[in-house]
Amino acid sequence: MNSIRNTLLVWLLLGVTTAILLAATLVYFQARNEANTLSDTQMKQLVASLPQSPGPIPTTRNNDTNMPDDFVVQVWDDNNGFRLYVSHEVTDLPQLKTLGFHDVGFAGVDWRIYNAHLGETIVQVAQLAKVRHEVAAKVALRTVAPLLLLLPFIAILILVAVGRSLSAVKRVAAHVESRDASSLPAIPDAELPREIKPLTHAFNDLLARLRAAIAAQRAFIADAAHELKTPLTALRLQIQLAERARTPDERGAAFADVKGGLERATHLVQQLLTLARQDPSASEQVQAKLELASLARGVVADFVPLANAKNIDLGIRADKDAHILGNADSLRILLNNLVDNAIRYTPEGGTVDVSIQSDGFRVSLAVDDTGPGIPEKDLARVQDRFYRVPGNKAEGSGLGLAIVKQIAVAHQSELGLINTSHGLQANMTFAEI
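Residue indices begin from 1 for each chain and proceed along its sequence in written order. For this predicted model, a pLDDT threshold of at least 70 governs which residues receive local features, and a threshold of 80 or more governs which side-chain atom pairs are given and counted, while totals over whole chains, interfaces and linings are taken from all residues. Working from all heavy atoms in the structure, the side-chain values ignore hydrogens and water.

A. Looking closely at the sheet that holds strand β11 (residues 416-419). A sheet is described by the order of its strands in space; here five strands give the open sequence β7-β9-β10-β12-β11, paired in mixed fashion. In this open sheet, the two strands that pair with only one neighbour each are β7 (313-318) and β11. Averaged over all pairs of adjacent strands, the angle between strand axes in this sheet comes to 15°, irrespective of strand direction. A pair of strands is labelled paired if DSSP reports no fewer than 2 bridges between them. Helix numbers and strand numbers start at the N terminus; a helix is a DSSP run of H or I with at least 4 residues, a strand a run of E with at least 2. Every axis in this analysis is a line fitted to C-alpha atoms, fitted for helices over the stretch in contact. Angles between the N-to-C directions lie between 0 and 180 degrees.

B. Focus on helix α5 (residues 292-309). In a helix, the anticipated span is given by 1.5 Å times the number of residues less one. Its 18 residues place the ends of α5 27 Å apart at the C-alpha level, agreeing with the 26 Å of an ideal helix rising 1.5 Å per residue. Along α5, the sharpest change in direction is near 45° and occurs at Phe303; proline Pro305 comes one to four residues later. The rule is simple: take the accessible area with a 1.4 Å probe, protein chains only, and divide by the maximum for that residue type; under 20% is buried, over 50% is exposed, in between is partly exposed. Taken together, the buried positions of α5 are occupied by Leu292, Ala293, Leu295, Ala296, Val299, Val300, Phe303 and Ala307. Phi turns positive one or two residues past the end of α5, at Asn311, with a value near 55°. Fitting axes to the seven residues ending at a residue and to the seven starting there, one defines the bend at that residue as the angle between these axes.

C. Highlighting the sheet that holds strand β2 (residues 83-86). Taken together, the five strands give an open sheet; going across it, the order is β2-β1-β5-β4-β3, and neighbouring strands pair in antiparallel fashion. With partners counted over all chains shown, the strands left at the sheet margins are β2 and β3 (100-106), one partner each. Across this sheet, the average inter-strand angle for adjacent strands is 25°, counted without regard to direction. Note that β3 and strand β4 (residues 109-118) share seven bridges and pair antiparallel. Along β4, the bridge assignment pairs Phe106 with Val109. Residue contacts are counted whenever heavy atoms from the two residues lie within 4.5 Å of one another. Strands β4 and β5 (121-128) of the sheet are contacted by helix α2 (residues 129-177), whose axis makes an angle of about 45° with β5.

D. Summary view of the packing of α5 against helix α6 (residues 328-345). Relative orientation of the contacting elements α5 and α6 amounts to 40°, with a least axis distance of 10 Å. Put simply, α5 runs oblique to α6. Note that α5 runs across α6; the crossing there is right-handed. For the pair α5 and α6, the contacting residues are Leu292, Leu295, Ala296, Val299, Phe303, Leu306 and Ala307 in the first and Ala328, Leu331, Arg332, Leu335, Asn336, Val339, Asp340 and Ile343 in the second. Reported orientations rely on four angle classes, namely roughly parallel under 35 degrees, roughly antiparallel over 145, roughly perpendicular from 65 to 115, and oblique for the rest. Note on convention: the crossing is left-handed when the near helix lies turned anticlockwise from the far helix by less than a right angle, right-handed when the turn is clockwise.

E. Up close: the confidence of the model for the chain. pLDDT is a per-residue confidence score from the predictor, ranging from 0 to 100. When pLDDT is averaged along the chain, the result is 81, and 86% of the positions lie at 70 or above. Across residues 54-68, where pLDDT falls below 50, the model places 27 contacts with residues more than four positions away in sequence or in other chains.

F. Up close: the environment of Leu13. Turning to its location among the elements, Leu13 is positioned in helix α1 (residues 4-49). Among the residues examined, Leu13 registers a relative accessible area of 28% and is labelled partly exposed. Those residues in contact with Leu13 that sit more than four places away from it in its chain are Ala155 and Ile158.

G. Representation of the nonpolar core. We call a set of buried Ala, Val, Leu, Ile, Met, Phe, Trp, Tyr and Cys residues a nonpolar core when their side-chain atoms join them within 4.5 Å. With 44 residues, the main nonpolar core has Leu292, Leu338, Leu365 and Met428 as its most contacted residues. Contributing elements (two or more residues each) for this core: α5, α6, β9 (351-358), β10 (362-369), α7 (400-410) and β12 (424-431). Looking at this core, the element that brings in the most residues is α5, giving eight residues.

H. The arrangement of α2 in detail. Over its 49 residues, α2 extends 68 Å from the first C-alpha to the last, a length consistent with the 72 Å expected when each residue adds 1.5 Å. The largest bend in α2 is about 40°, located at Leu151, with the proline Pro152 one to four residues further on.

I. Focus on the packing of α6 against α7. Running from N to C, α6 and α7 cross one another at 145°; their axes reach a closest spacing of 9 Å. The handedness of the crossing between α6 and α7 is left-handed. Between α6 and α7, the residues in contact are Ser330, Leu331, Ile333, Leu334, Asn337, Leu338 and Asn341 and Gly400, Leu401, Ile403, Val404, Ile407 and Ala408, respectively. Side-chain classes follow a simple rule in which Ala, Val, Leu, Ile, Met, Phe, Trp, Tyr, Cys and Pro form the nonpolar group, Asp, Glu, Lys and Arg form the charged group, and the remainder, Gly included, forms the polar group. Its residues assigned to classes, the contact of α6 with α7 shows nine nonpolar, four polar and no charged.

J. Fine view of the environment of Ala137. By the secondary structure assignment, Ala137 is in helix α2. Overall, the relative accessible area of 36% leaves Ala137 in the partly exposed class. In the structure, Ala137 is positioned 108 residues away from Phe29 in sequence and 8.8 Å away in space, judged by C-alpha atoms.

Here is the structure:
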């Protein structure tokens, strides 16, 4: 399992260790450059300190070869190449006649050599290259050693700092664990680090949506139970009347009432199921490109028999190629409810028109009827679940427009209701694609 704490500890310790190693490397190279410069200067000073004598320098040898910082000095005659002096008993170095500084390898050993004229002689000063490297390494080690000694304390400090920083995550987790369906308060984040606040804000938004969804579900269940109670009570009374009927005519009338009550209850249940399926908290419905005019023509064709039964002129005016992004099943339910409501409330001999217009950017859908309209004070409320205009005697469940509103919102639209000079208009617009 991945762990933020372990990841932070590993990377921080790795970073600190790498920084120390890089610092040691930089110090080493800087110290080596300084050691080279200093040693080269000493070589020049050593040659300059020798006497400017044309005569031979006494040949002496220093047999102490255990002094790694010593310079090896050789002097030979410039004319015949005869060696006049050597300071240490070492393997003979090459007698380079080229003046100046040279880096040479001799017998598997690297040397730094400086040659200079001194009268009629050539003086050669040599030093082992490893001596300079060892000096640089010692300087780097002395510089970095305190940091290496501090590394365990730095590790402990990092451990404590990471633990304290991640303690806020544990507090948030404890708050989340304390929530349940009956208690969904927001998580307090006033004292949390700003890096964690985006997470708590997003979680608080989720909790707010959950509270709203649970409240809506409870309200829906309560309203549904209340609305179902009325038709079920009526059915029970109608069945009792049918049982008491003494003549075939009374019994037939009673069963006709029972049948009507069953149809109303069935319609109410279907509307409730449709509303539940269109709820935003339900599974997201797949939307695709569709031609709204063709969909509307199919819906209008389905309602022609019902319109003809009431002698209502039902028609459609639609622009071609009015394409929108939507769910065909949901939009068919939307049109069914709008057309059904228009026919239901339009008196015999009236007119219901469905129109679809496109301007290249937006597609407008409108359903006009010649019914009585809706009182202005009730235009907004008729879109609420189970609300019906007081005094309305037409059959209905009060869910049709609520379903239309919900589907419109799911398609980034809004249901508008307007009282016109001849009746009522329901309209909405969709983005054209």
